[in-house]
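Descriptive structure summary
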Amino acid sequence: MTDNSIKNRAWPWIEGLLLALIVLVALTMGGESARVSYHGYLHTTIGEAVLSDGLLPENPYHAGEALNYYTLYPTLGVLIGRLGIGALWGFAIINILAALLMGPALDSLTKRLQFSFAVRRASFWCMLLGFNLLGYYFAHGVSVPPLGAMPFAILEPMTNVGELFSWDARLQSFVTKFLNVSSFACSLPLMLFALSNAIEDTKRSRLLAAILLGLCAALNPLVGAFSVLLIVGQALLCNSGELMSQIITWAKLGTVSAIIAVPFIAPLFLNAGASAAPDKQLPFVGDGALFNILGPCLLLALMSAFVVLKLSAKQRKVILLASILAVLFSFSSLPFSNEYKFPRLFAIFLAIPAGSMIVHYVKGWVPMFALGALVILSIPTMFSTIQAYAYWNVSQSLPLTTASNGELVSRLADDNLPPAIPQLVLEAIQELGSDTVIMMHPRFPKVASMAQGNQWAPALQHTLLVDRPQIHNHAYNPEVLSRLGLVVSFWGSNDWPATADPGSYAPQPALSQLRQIVAGRSLAILSTATSTASHDYLNKLRDSGDVSLVSKVGDVYLWLFPAVHRAGEK
């Protein structure tokens, strides 16, 4: 049977479809909890800012400051959501499509490297099941939260080998990256397709590789940087042509990639001088990069070692180069500690020789029995991961929900518990002038978390004056803390309810300085009658005509201050 047979062309799509169905089931059964995941609200807010302001938007969490983030991925999610399904489903669809493409993408690469049909099939299953294969058994007998809790908490024991050592708890299984609102997963098939076309090394395939590389870098600059080094490195190592000719060729092609990627990653460079958050040691990062690599990838590494010397020179060069780069990135210090993601890339490339090892040694009944036992052993880890996301049950604690038209609206938990921001007030905020800045107490109900930022932000459609420290407002930047200090002085305290603290309560001078920060723009303030000390102060200003009451629903008030001139200007 030729390599272009229906079987050869269909099987990679069947494998991708299986992975896509796994992702779809988890994201559907998990409801809004799974689709919001750890970063859904945050990426929705950024995508809305791009569609409102263009490719160099204002930071939606910090008025007056430019966004320091890449923009293609959040914009795509929001654009898909505008078809009527909502941004959260938009991001879910991107992940489902990425999962679908993983089968054909890995097959394309392994086919270009001249691996057999059987090895290509085994490589996919090694990639899907081999990462942290024994995690379920490491967690067996360990006390974990019941189903319905955050998957991270349920699956974290999978990354600990008793008291001996542990790895980053986000490296639970291969599929988890497709269950999070993240640009990492959707960049993986583009990376594999780009490398495959680069290896083919024809004029047409090199151009296609450059286009795919540009898209990969635009979606996720870190995976893009990895892919650039890998593709250029394999071109220099594997092609018999003159070295300088290869360098010139890929320098020209790099221009094509840059034209595609730069418009979407420009904010990273234009705002590179912005202060970034200092490294913060998180409790789940494990015992370092070495264990991040060895822990989830050990079995794949051992399987690969059996056959690495049996590979052809080209196969060995590509796989070793990719593996070395993945290890180097894993040991690097990357923005927001993203180096933990690269053991997954290490596992993808290890899965190829691991698949070759299976095909090479599986002959007769005994090896087949051993292989079957290995597959059975791996299934509980995969099943536990899917189950944890499918039963994630925190939707009622989220402030927003997706309406039938795809818009995010205030969630009504029950008739006796109205939303912290009633829908009518939310709509009044959305109708304010486009340059209006929103201010609310830093501990307003359901406002903030490190991973999501202000959880009301994606539905506000306006820039926040300040948010509590999180990754997209340059946490611990003196300017952030200064604004938060003024906001606390205005409200009365950093606690909720915000009762007046004689030592810090100074609403008049604080408000004056806050309005100066956004001089030239109107300032809207969310207040509650019973939970903030400044409510009476705002009512007095209203009586004197200094502020207008835009909306009032129950205990929640929306006030609007007109723009003021900057001090010293007429």
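Each chain carries its own residue numbering, running from 1 in the written order of its sequence. Totals for whole chains, interfaces and linings use all residues, but because this is a predicted model, local features are given only for residues with pLDDT of at least 70 and pairs of side-chain atoms are given and counted only at 80 or more. Think of the side-chain values as coming from all heavy atoms in the structure, minus any hydrogens and water.

The subject of this paragraph is the overall build of the protein chain. Numbering of helices and strands starts at the N terminus; helices are DSSP runs of H or I of at least 4 residues and strands are runs of E of at least 2. Helix and strand counts for the protein chain stand at 21 helices and 11 strands. Relative to the compact-globule value of 25 Å for 570 residues, the protein chain shows a C-alpha radius of gyration of 26 Å, a close match. Taken along its principal axes, the extent of the C-alpha atoms in the protein chain is 90 × 55 × 45 Å. Burial classification: accessible surface area is computed with a 1.4 Å probe over protein chains only, and a residue below 20% of its type maximum counts as buried, one above 50% as exposed, and the rest as partly exposed. By residue count, 54% of the 570 residues in the protein chain fall in the buried class. Contacts are assigned to residue pairs that have any heavy atoms within 4.5 Å of one another. A fraction of 73% describes how many contacts in the protein chain between residues 6 or more apart in sequence connect residues 24 or more apart. For the purpose of charge, His is not counted, nor are the chain termini; Lys and Arg are scored as positive and Asp and Glu as negative. A charged residue contributes its charge at one atom only: NZ of Lys, CZ of Arg, CG of Asp or CD of Glu. Separation between the mean location of the 34 positive side-chain charges and that of the 32 negative ones in the protein chain comes to 13 Å. Only C-alpha atoms enter the radius of gyration; for comparison, a globular chain is expected to reach 2.2 Å times N to the power 0.38, where N is the number of residues.

Along the chain, Tyr73 falls in helix H4 (residues 72-81). Separated by 141 residues in the primary sequence, Tyr73 and Gly214 have C-alpha atoms spaced 13 Å apart. Not counting residues within four places of it along the chain, the set of residues in contact with Tyr73 comprises His43, Phe91, Ile94, Asn95, Val181, Ser182, Ser183, Cys186 and Leu219.

The criterion is simple. A nonpolar core is a set of buried Ala, Val, Leu, Ile, Met, Phe, Trp, Tyr and Cys residues joined through side-chain atoms within 4.5 Å. In terms of nonpolar packing, the biggest core is built from 139 residues, with Phe226 and Phe349 touching the most fellow members. Setting aside residues up to four positions removed in sequence, Phe349 forms contacts with Leu109, Met191, Leu192, Leu195, Phe226, Leu230, Ile319, Ala322 and Ser323. In terms of nonpolar packing, the next biggest core, distinct from the first, is built from 25 residues, Leu465, Val466, Ala510 and Leu514 among them.

A separate point is the pattern of salt bridges. The rule for a salt bridge is simple: a side-chain nitrogen of Lys or Arg has to be within 4 Å of a carboxyl oxygen of Asp or Glu. Taken as a whole and assessed by the stated rule, the structure comprises 10 salt bridges. Between Glu48 and Arg82 there is a salt bridge; the shortest N-O distance is 2.8 Å. Linking Glu48 in helix H3 (residues 40-53) with Arg82 in the loop between H4 and helix H5 (87-112), this pair joins segments that are 34 residues apart in sequence. Residue classification places Arg82 among the exposed positions, given a relative accessible area of 52%. Measuring nitrogen to oxygen at the nearest pair gives 2.7 Å for the salt bridge that ties Arg120 to Asp107. Here Arg120 is found in helix H6 (residues 117-130), whereas its partner Asp107 is found in helix H5, with 13 residues between them in sequence. Neither residue differs from the other here; Arg120 and Asp107 are each classed as buried.

Take the packing of aromatic side chains next. Only the six-membered ring of Trp is used, alongside the rings of Phe and Tyr, when aromatic pairs are assigned; centres must lie within 6.5 Å, and planes under 30 degrees apart are stacked while those over 60 apart are edge-to-face, with the rest tilted. One pass over the structure, following the stated rule, counts 19 aromatic pairs. Their ring planes at 45 degrees and their centres at 5.4 Å tell us that Tyr38 and Trp392 sit as a pair that is tilted. Of this pair, Tyr38 sits in the loop between helix H2 (31-36) and H3 while Trp392 sits in the loop between helix H16 (365-390) and strand E3 (400-402), and the two are 354 residues apart along the sequence. Taking 5.7 Å as the distance between ring centres and 10 degrees as the angle between the ring planes, the aromatic pair formed by Tyr557 and Trp559 counts as stacked.

With that settled, consider the state of the cysteines. Sulfur atoms of two cysteines make up a disulfide when they are within 2.5 Å. Applying the stated rule across the entire model yields 0 disulfides. Free of any disulfide, Cys238 has its nearest cysteine sulfur in Cys216, 19 Å distant. Free of any disulfide, Cys297 has its nearest cysteine sulfur in Cys126, 12 Å distant.

Here we come to the packing of H5 against helix H15 (residues 342-361). One way to put it is that H5 packs onto H15 with a least axis distance of 12 Å and a crossing angle of 60 degrees. Regarding the angle of H5 to H15, the classification is oblique. Read as a crossing pair, H5 and H15 show a hand that is right-handed. Along its contact with H5, which presents Met102, Leu106, Leu109 and Thr110, the element H15 presents Ile348, Phe349 and Ile352. Considering only residue class, the contact of H5 with H15 consists of 6 nonpolar, 1 polar and no charged. Only the stretch in contact is used when fitting a helix axis, every axis being a line fitted to C-alpha atoms; angles between N-to-C directions are given from 0 to 180 degrees. Angle categories: roughly parallel below 35 degrees, roughly antiparallel above 145, roughly perpendicular from 65 to 115, and oblique for all the rest. Handedness of a crossing follows from how the near helix is turned relative to the far one, being left-handed for an anticlockwise turn of less than a right angle and right-handed for a clockwise one. Basically, the charged four are Asp, Glu, Lys and Arg, the nonpolar ten are Ala, Val, Leu, Ile, Met, Phe, Trp, Tyr, Cys and Pro, and anything else, Gly included, counts as polar.

Within H4, 7 of the 10 residues are buried, which leaves it mostly tucked inside the rest of the structure. All of the buried residues in H4 are Leu72, Tyr73, Pro74, Thr75, Gly77, Val78 and Gly81. Elements that come into contact with the buried residues of H4 comprise H3, H5, helix H9 (183-200), helix H10 (203-219) and helix H12 (243-270).

We now examine the side chain of Glu15. Examined against the element boundaries, Glu15 turns out to sit in helix H1 (residues 6-29). If near-sequence neighbours (up to four positions away) are discounted, Glu15 is found in contact with Arg121, Phe124 and Trp125.

Our next topic: the side chain of Gln455. Within the secondary structure, Gln455 sits in the loop between strand E7 (453-454) and helix H18 (457-460). Among the residues examined, Gln455 registers a relative accessible area of 13% and is labelled buried. If we skip the residues at most four places from it in the chain, Gln455 touches Tyr41, Leu398, Pro399, Leu400, Lys446, Val447, Ala448 and Ser449.

On to the sheet that holds strand E5 (residues 437-439), then. Two strands are said to pair when DSSP picks up at least two bridges between them. Spatially, 5 strands are ordered E8-E5-E9-E11-E10 in an open sheet, and the strand pairing comes out mixed. Strands at the two margins of the open sheet, each flanked by one partner only, are strand E8 (463-464) and strand E10 (548-553). Note: E5 against E8, 2 bridges, orientation parallel. Along E8, the bridge assignment pairs Val437 with Thr463. On the sheet, helix H17 (residues 423-430) packs against E5, strand E9 (523-528), E10 and strand E11 (556-561) and is oriented at approximately 150 degrees with respect to E10. Against the sheet, helix H19 (residues 478-491) contacts E5 and E9, and its axis sits at roughly 50 degrees relative to E9.

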